[in-house]
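Fold and contact review
These are the residues of each chain, in order.
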Amino acid sequence: EEAGLAAALEESARLQDEKRAAEERRAAEEQARGARPNAGEPSESAASPAPEEPPDDFICPITTEIMSDPVVAADGQSYERSAIERWLSTKSTSPLTSAELESKGLFPNHSLRRMIRQWQEGQKDRA
């Protein structure tokens, strides 16, 4: 039992580290974008519009990346399937609230996946 608990704690720490690293990466990208715009030279964005930031609902709260396979968990929140499956392999709580989940069942969020794909296609069209 102790070995299982130790493995669960290790997995939890690894997932938290991944989440923190993804958040730092995203913040650095946003900061770099904000620092670039008018450095006195014409930029690429002058010729074509800058990519639009994705809506918050398209971002997995665990990975902080745009979801490609969104699923709904028992807390009603959508997550990237692989990220929430890793989370639930060691926990039975919500990643957002830490409240105990009534079920570990995951359900595909087809409408969100469709909206994300449409948004991504729109971004390709802008480029």
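In this report, the structure presented in the accompanying data block is examined. (Residues numbered from 1 in each chain as written. Predicted model: local features only at pLDDT ≥ 70, side-chain atom pairs only at ≥ 80, totals over all residues. Heavy atoms only, no water.)

With respect to the sheet that holds strand β2 (residues 78-80)
Pairing between sheet strands relies on hydrogen bonds along the backbone, with the strands arranged either parallel or antiparallel. If you trace the 3 strands from one edge of the open sheet to the other, you get β2-β1-β3, paired in antiparallel fashion. If you trace the sheet from one side to the other, it starts and ends with β2 and β3 (107-108), each paired once. Sheet topology note: the strand β1 (residues 70-72)/β3 ladder contains 2 bridges and is antiparallel. Residue pairing for β3: Val72 is matched across the bridge by Phe107. (Pairing = 2+ DSSP bridges. Helix = DSSP H or I, 4+ residues; strand = E, 2+ residues; numbered from the N terminus.)

Some thoughts on the nonpolar core
Among the nonpolar cores identified, the biggest contains 16 residues, and Cys60, Ile62, Tyr79, Ile84, Leu88 and Leu106 are the most heavily contacted of them. Of all the secondary-structure elements, those providing two or more residues to this core are α3 (81-88) and α4 (110-126). Ranked by residue count, the leading element in this core is α3, at 4 residues. Sequence-distant contacts of Ile84, that is, excluding residues within four places in its chain, are made with Ile62, Val71, Tyr79, Pro95 and Leu106. (Core = buried A, V, L, I, M, F, W, Y, C linked by side-chain atoms within 4.5 Å. Buried < 20%, exposed > 50% of the residue type's maximum accessible area, 1.4 Å probe, protein only. Contact = heavy atoms within 4.5 Å.)

Focus on the packing of aromatic side chains
Centre distance and the angle of the planes are the two values used to describe a pair of aromatic rings. Summed over all chains, the structure comprises 1 aromatic pair. Relative to Trp119, the ring of Phe58 lies with its centre 6.1 Å away and its plane at 75°, an arrangement referred to as edge-to-face. Placement of the pair is Phe58 in the loop between α2 (44-47) and β1 and Trp119 in helix α4, with a sequence separation of 61 residues. Summarising the burial analysis for this pair, Phe58 and Trp119 share the class buried. It is Lys91 that lies over the ring of Trp87; its NZ or CZ is 4.2 Å from the centre. (Phe/Tyr/Trp six-rings, centres within 6.5 Å; stacked < 30°, edge-to-face > 60°. Lys NZ or Arg CZ within 6 Å of the ring centre and 35° of its normal.)

Things to note about unusual backbone geometry
Phi angles above zero are rare outside glycine, and Thr64 is one such case at about 60°. Mapped onto the secondary structure, Thr64 falls in the loop between α2 and β1.

Examining α3
All of the buried residues along α3 are Ala83, Ile84, Trp87 and Leu88. Looking straight down α3, one finds its buried side chains confined to an arc of 125°; they lie on one side. (Arc of directions from axis to C-beta.)

Some thoughts on the pattern of salt bridges
A full pass over the atoms with the stated rule returns 4 salt bridges. One salt bridge connects Arg81 with Asp69, and the closest N-O pair in it is separated by 2.8 Å. Of this pair, Arg81 sits in helix α3 while Asp69 sits in the loop between α2 and β1; the two residues are 12 residues apart in sequence, bridging distant segments of the chain. Among the salt bridges present, the one from Arg81 reaches Glu85, with a minimum N-O distance of 3.9 Å. Here Arg81 pairs with Glu85, and both are found in helix α3, just 4 residues apart, close to one helical turn. Given a relative accessible area of 41%, Glu85 falls into the partly exposed group. In this structure, a network of salt bridges that share partners links the residues Asp69, Arg81, Glu85 and Arg113. (Salt bridge = Lys/Arg side-chain N within 4 Å of Asp/Glu carboxyl O.)

Notes on the environment of Ser111
Within the fold, Ser111 resides in helix α4. Overall, Ser111 belongs to the partly exposed group, its relative accessible area being 39%. For Ser111 and Pro70, which are 41 residues apart along the polypeptide, the C-alpha to C-alpha distance reads 9.4 Å. Within the structure, Ser111 has its side chain in polar contact with the side chain of Asn109 (distance 3.3 Å). (Polar contact = N/O pair within 3.5 Å; in protein donor to acceptor, adjacent residues only side chain to side chain.)

From the geometry alone we can't say anything about function, so treat these as descriptive.
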